[in-house]
Amino acid sequence: MPLRAFPDFHDIHLDFASYGLTPSLAERLDMLLRMLSRALYTESGQATYAVFRELIETTLQPDRQPSRLDTLAARLQQMPHPQLQDVLRALTAFFHLANRSEQQEIARINRQRDRDATLDRPRPESIAAAIHDLKKNGYTLEDVLNLLQRLDILPTLTAHPTEARRRSILTKQDRIAELTDLHFSPQATAETREQAQRQIFQQISLLLATSESREDRITVEREVAHGLYFLTTSIWNMVPRLYWDLHRALRDEYGATNLNLPIVLRYRSWIGSDRDGNPFVTADVTRRTLLRHRHTVIELHIEALLALRHDLSISSRLVEPPRELLTSIAADHALLADAAPTTYAREPFREKLDLMVARLRDQLAEHPRFTCTATNLVEDLELLRRSLKECLRGPLGTSDRLDEALIRARTFGLHLAALDIRQHSQVHAAAVGDLLRLGGVEPDYNRLQEDARIALLSAELSSPRPLLPRLATPEAGTRELLATFTVIREAIDRDADSIGAYVISMTHEVSQVLEVLLLAKEAGLWAYADGAASCPLDIVPLFETIQDLERAEELMTQLFTHQVYGAHLENRQRRQEIMLGYSDSNKDGGFWSANWALHQAQERLCQVCEKHRVKVRLFHGRGGTVGRGGGRTNAAILALPPAARSGSIRYTEQGEVITFRYALDDIARRHTEQVVHALLVADHLQDTATAPVGVFSRRMEQLAADSLESYRAFILDPRFWDWYRQATPIEYISKLRIASRPVSRTASDEVDFEGLRAIPWVFAWTQTRYNVPGWYGIGRALRQAVSDADTLAMLRGWYRHNSFFRTILGNAELEMARCRLPVAERYSKHCDTGLHDLLAAEFSAAREALLQIVEGEELLDRTPVIQRSIRLRNPLCDILNLCQIELLRRVQHSDTDDADLLRHDIFLSINGIAAAMQSTG
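Residues numbered from 1 in each chain as written. Predicted model: local features only at pLDDT ≥ 70, side-chain atom pairs only at ≥ 80, totals over all residues. Heavy atoms only, no water.

A closer look at the overall build of the chain
Stage number 1. Helix and strand counts for the chain stand at 37 helices and ten strands.
Stage number 2. In summary, the chain has a C-alpha radius of gyration of 29 Å against a globular reference of 29 Å for 921 residues, a match within 12%.
Stage number 3. Taking the principal axes of the C-alpha coordinates as reference, the chain spans close to 80 × 75 × 60 Å.
Stage number 4. For the chain, the residues scored as buried account for 60% of the 921 residues in total.
Stage number 5. Taking contacts inside the chain between residues at least 6 apart in sequence as the whole, the part at least 24 apart equals 81%.
Stage number 6. When the accessible surface of the chain is totalled, it reaches about 36,900 Å², and 49% of it is carbon and sulfur. (Helix = DSSP H or I, 4+ residues; strand = E, 2+ residues; numbered from the N terminus. Rg over C-alpha atoms; globule rule 2.2 N^0.38 Å. Buried < 20%, exposed > 50% of the residue type's maximum accessible area, 1.4 Å probe, protein only. Contact = heavy atoms within 4.5 Å. Areas by Shrake-Rupley, 256 points an atom, 1.4 Å probe, with all protein chains shown as cover.)

Quick notes on the pattern of salt bridges
Side chains that differ in charge, positive against negative, can pair when their charged atoms come close.
Stage number 1. Enumeration over the complete set of coordinates arrives at 65 salt bridges.
Stage number 2. Ionic pairing is found between Asp683 and Arg150, a salt bridge with its closest N-O pair at 2.5 Å. Separated by 533 residues along the polypeptide, Asp683 in the loop between helix H26 (665-681) and helix H27 (693-715) and Arg150 in helix H6 (residues 141-150) bring together distant segments of the chain. (Salt bridge = Lys/Arg side-chain N within 4 Å of Asp/Glu carboxyl O.)

Considerations on the nonpolar core
Stage number 1. Ranked by internal contacts, the top residues of the largest apolar core, which has 132 residues, are Trp592, Phe714, Phe720, Trp723, Tyr724, Trp761 and Phe805.
Stage number 2. Those residues within four positions of Phe805 in sequence are excluded, and the remaining contacts are Trp592, Phe696, Met700, Leu795, Trp798, Tyr799 and Ile853.
Stage number 3. Ala491, Trp526, Leu555 and Leu640 belong to the second largest nonpolar core, which has 120 residues in total. (Core = buried A, V, L, I, M, F, W, Y, C linked by side-chain atoms within 4.5 Å.)

Looking at the side chain of Ser505
Stage number 1. Among the structural elements, Ser505 can be located in strand E4 (residues 499-505).
Stage number 2. On the accessibility criterion, Ser505 (0% relative accessible area) is buried.
Stage number 3. A polar contact is formed between the side chain of Ser505 and the side chain of Asp276, at a distance of 2.9 Å. (Polar contact = N/O pair within 3.5 Å; in protein donor to acceptor, adjacent residues only side chain to side chain.)

Here's the deal with the confidence of the model for the chain
Stage number 1. Residues of the chain with pLDDT of at least 70 account for 92%, and the chain-wide mean is 89.
Stage number 2. For the chain, helix H22 (residues 582-589) is the element with the lowest average pLDDT, namely 80, and helix H19 (residues 510-522) is the one with the highest, namely 98. (pLDDT = per-residue confidence, 0-100.)

A look at the pairing of strand E8 (residues 575-581)
Stage number 1. Counting buried positions along E8 gives six out of seven residues, so the element sits mostly inside the fold.
Stage number 2. As defined by bridge partners, E8 adjoins strand E9 (residues 615-621) across seven bridges and the pair is classed as parallel. In the sheet register, Met579 faces E9, and the bridge partner there is Phe619. (Pairing = 2+ DSSP bridges.)

With respect to the packing of helix H32 (residues 789-801) against helix H33 (residues 803-817)
Stage number 1. Relative to each other, H32 and H33 sit at 95°, their axes nearing to 6 Å. When the axis of H32 is compared with that of H33, the two are roughly perpendicular. Between H32 and H33, the residues in contact are Leu795, Trp798, Tyr799, Arg800 and His801 and Ser803, Phe805, Arg806, Leu809 and Glu813, respectively.
Stage number 2. Residues belonging to the contact of H32 with H33 are distributed by class as follows: five nonpolar, two polar and three charged. (Axes fitted to C-alpha atoms, helices over the stretch in contact; angles between N-to-C directions. Parallel < 35°, antiparallel > 145°, perpendicular 65-115°, else oblique. Nonpolar A, V, L, I, M, F, W, Y, C, P; charged D, E, K, R; others polar.)

Notes on the sheet that holds strand E3 (residues 418-424)
Stage number 1. In spatial order, the strands read E1-E2-E3-E4-E7-E8-E9-E10; together these eight strands close into a barrel with parallel pairing.
Stage number 2. With three bridges connecting them, E4 and strand E7 (residues 539-543) associate as parallel partners. Its bridge partner being in E7, Ile504 is matched across the sheet by Pro541.
Stage number 3. Helix H23 (residues 591-611) contacts E8 and E9 of the sheet and is inclined by roughly 170° relative to E8.

A word on unusual backbone geometry
Stage number 1. Backbone geometry places Glu125, a non-glycine residue, at a positive phi of 60°.
Stage number 2. Within the secondary structure, Glu125 is located in the loop between helix H4 (81-116) and helix H5 (127-136).
Stage number 3. The exposure class assigned to Glu125 is partly exposed, which follows from its relative accessible area of 25%.
Stage number 4. Non-glycine residue Asn258 carries a positive phi angle of around 55°.
Stage number 5. Tracing the chain through its elements places Asn258 in the loop between helix H10 (234-254) and strand E2 (268-269).
Stage number 6. Given the relative accessible area of 71%, Asn258 is considered exposed.

Focus: helix H9 (residues 220-232)
Stage number 1. In a regular helix each residue adds 1.5 Å, so 13 residues correspond to 18 Å; H9 covers 18 Å between its end C-alpha atoms and thus fits that length.
Stage number 2. Taken together, the buried positions of H9 are Val220, Glu223, Val224, His226, Gly227, Leu228, Phe230 and Leu231. (Expected span 1.5 Å × (residues − 1).)

A look at the packing of helix H11 (residues 283-311) against helix H15 (residues 400-412)
The relative placement of two packed helices comes down to the angle between their axes together with the axis-to-axis distance.
Stage number 1. Packing of H11 against H15 leaves a shortest axis separation of 10 Å and a crossing angle of 165°. With respect to H15, the axis of H11 lies roughly antiparallel. The way H11 lies across H15 gives a crossing that is left-handed. Counting all contacts with H11, which are made through Val297, His301, Ala307, Leu308 and Asp311, the residues of H15 involved are Arg401, Leu402, Arg408, Ala409 and Phe412. (Left-handed = near helix turned anticlockwise from the far one by under 90°.)

Description of the environment of Leu679
Stage number 1. Secondary-structure assignment places Leu679 in helix H26.
Stage number 2. If we skip the residues at most four places from it in the chain, Leu679 touches Leu151, Ile153, Ile637, Gly647 and Ile649.

Set out below in structure tokens:
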């Protein structure tokens, strides 16, 4: 039945096309806004709808009068609380719908570009474009295959608290996206469109009736389930497509077929294993997470094998099966004995697949009867592929389903995504001190100087005896840490691929790396004899602060030349992973200084690793926002120092970034192919600066120093911390139930600057529209530089030809374009200390200097698609900000009962602004 008529109802019609949106996206947004307004009319009545319409029309009026914000704020101040709440819910829902619509439009455009692509003009930033570019630059097929052998891409999913949306909200967004695609499909009939429209209306109504904020804090188990959702849907679906793209590109450019390509992409996860500052991630939680990963991927493999069984109905009566296949079937029957199925005696391929399924199903039991490894699965699938080619010659001897199953078996194994274990260095030191005391070796380890610690740890690592006496009772923290290492050992014994690495947060000294090896020794993971070490675990130092990044080269040199660690390095084939923290370095030193420190650290670390014949893989701890190292991953890869472009890379995928990049299959494919494209073309990328390298480095060093001085002066201002706590909703963000991990590293409920984690730090700045972590400091740094004509010309040359410089300025430009200082000022009016004026002056200087360098009239002139999206979002987000400011005002003047309700709606406003800004922390 059609949508019922609405008396006295006039649809909100925004001219989305006037904002420069594509006709397809404008049409989608127009329909969704009309549906949303009708749902609001139905649920909340004509008066609320009229207010909603009035607010939107006021904020989007063409002349954008200076008094517009005053008009909106005054209107909101008059509104009763239920009406204000309804407006918040409706605008938040609109941004959810707009975000997913933009993703759908990106996917549609890429599909169209795929159709329009030719051999000579492949789709930009695709795998085909990378292979085409390599051939143009003189790479032979052998060169490309060698390059692919070097690719080692490890995206790492984390549970950092930056996904404010509930699963219920995400599910409804998915359903609305499906129905919208159906409605606008060229093949849809009138009846189909009408039905889709009715269901879209129903889903939007449900979206409005669904609470944005969680009633209970999210558990680690729910975080694990959230990560598994993406691993088992879009990521699982995307991986085979990546290799089809590679095969097709190599065929088109080089005529190569039937290539056995290496696995270039594997996944890791911190969800359920990152215990740094999260007391809820225990040894038992990690054990259950490992088991859940294993059971989940086994069930997926079983599903794939059963689907393959439908295809491979080859009868031995008609085709003689290969002897190798029959021998394998006989061996399986001997192994499985009474557990072996016998359904397909005359269909050997099906019989083999049934035996493979039986072996996998056995692994789901609490105590499996048989051994089954990822190697077994891969070998069986390769056997089936060889047998099929032998039975059916030519094109008939292939199976896409079989190839996909093999790619997934080689990529995901029986572990799905390897878990990294991460813990803070202070926790290790406390546990080691406890063990040394109980073992009668050293009563007060923490009083020792670094040299004494290294000597003591080296001696204990060289000794075969354990430290912990049999009847001793270690402290609770030590017991938990030892239990974690026991879980690691058990997991490695079952499946060595299930554990990735052990990451040490806040690594400052060599002793902090040796402490982890000593803890591994207590769990039976380390042995040392005759100068040779044995340990199946990679130890990864994490350098997070500016000071640690500057000292990283010195520390790694000490490690590489240390006798015991050198033995460990030999045992690990002289491979070393080093993690770089983008979040804390930015919080510690500001945007420009942190980025330059990271760039320099990477270059120096690669050089010191080459000097000591160590194969290094850099692990980039990038957040979702620019202030935490976010931005486009492929652009970040191309901005790496030349020494760091090795093809081996890890990077974190955090919070809402996971949802944005992996919510749709097509978006997951696009993101991943852009990463592969960047790694391939980076092999021959040459940055041509307009000045010698030494001049570039010295100028960047000066800019970083000026930026750091400006930033530190700001955050160390005696007025700053009280102002920040009053002018931002950090108090409410700290209570938002969006993750299992606390927002502060300290146990106290009182949050201070040092204890506050980088994620809520950035989140609060984003809410107020200041976006300070993404740009502050560059005004002072660049103001003097651009005042000199020769220096300005040099900076413009770097912007055109130097990937690092261009990426840093581009990221700052994006964050500044999303700033709304007139709105931000309203957050600080009640606590005016002059700091807003300081921020505004720095912003003005930064904007003017940046535009001079990029030679633009307005911010983001070179990226008009993003510019247009922000131009539409900013004024609509203003309403959400003004709602939040009004709620913060009301909660200060309310009684206890009203305050609880108002606080709930402040949480709603936080989610709404996060949706509008497409960013939390």
